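Fold and contact review
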Amino acid sequence: MARTPRMAQIEALLADDPNDAFLRYGLAMEYVSAGDDETAARLLHDLIAANGTYVPAFLMAGQTLNRLGRATEACGVLKRGIEAARRAGDHHALGEMEGLLTSIE
């Protein structure tokens, strides 16, 4: 898969601030859009490991892992994400992750 100009732009911004969760999430989303779920899953895993409070990463990781046929892993990520969403008071993400978890289990 070829890197897109958008990926290159985000990577350049990340070089200046490698801990920016929004940029890291954006890069993972670019890989999802390009159909590279393996790379997206790896990037989302790294993001969650570095910033376990970035709730959108959990939902996207769960969806991505599920598409890759890694349902057990997806369920684990979603369960952790549900707890993160509860702590953050993010009821919308909480509902989405609970729904996806129910559909996978």
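The coordinates are above.
These notes cover the structure that comes with them. Just so we're clear, the structure is a prediction, and the values are computed from it rather than from any experiment.

Digging into the packing of helix H1 (residues 5–16) against helix H2 (residues 21–33)
Relative orientation of the contacting elements H1 and H2 amounts to 160°, with a least axis distance of 10 Å. Our classification of the angle between H1 and H2 gives roughly antiparallel. For the element pair H1 and H2, the recorded crossing hand is left-handed. Here Arg6, Met7, Ile10, Glu11, Leu13 and Leu14 of H1 lie close against H2, whose contacting residues are Leu23, Arg24, Gly26, Leu27, Glu30 and Tyr31. For the contact of H1 with H2, the residue count by class is seven nonpolar, one polar and four charged.

Thoughts on the pattern of salt bridges
Tallying each qualifying case throughout the model produces eight salt bridges. Glu11 is paired through a salt bridge with Arg3; the nearest N and O atoms lie 2.8 Å apart. For Arg86, the salt bridge is made with Glu83, and the minimal N-O distance between the two is 2.8 Å. With Arg86 and Glu83 both in helix H5 (residues 71–88), this residue pair falls three residues apart, about one helical turn.

Here's the deal with helix H4 (residues 55–67)
Between its terminal C-alpha atoms H4 stretches 19 Å, which fits the 18 Å expected from 13 residues at 1.5 Å a residue. Among the residues of H4, Val55, Ala57, Phe58, Leu59, Met60, Ala61, Gly62, Thr64 and Leu65 are the ones counted as buried. Looking at the buried side of H4, the elements it contacts are H2, helix H3 (37–50), H5 and helix H6 (91–104). Immediately downstream of H4, the backbone of Gly69 shows phi near 80°, a positive value.

Here is what the cut-offs are and how they apply
- Residues numbered from 1 in each chain as written.
- Predicted model: local features only at pLDDT ≥ 70, side-chain atom pairs only at ≥ 80, totals over all residues.
- Heavy atoms only, no water.
- Axes fitted to C-alpha atoms, helices over the stretch in contact; angles between N-to-C directions.
- Helix = DSSP H or I, 4+ residues; strand = E, 2+ residues; numbered from the N terminus.
- Parallel < 35°, antiparallel > 145°, perpendicular 65-115°, else oblique.
- Left-handed = near helix turned anticlockwise from the far one by under 90°.
- Contact = heavy atoms within 4.5 Å.
- Nonpolar A, V, L, I, M, F, W, Y, C, P; charged D, E, K, R; others polar.
- Salt bridge = Lys/Arg side-chain N within 4 Å of Asp/Glu carboxyl O.
- Expected span 1.5 Å × (residues − 1).
- Buried < 20%, exposed > 50% of the residue type's maximum accessible area, 1.4 Å probe, protein only.

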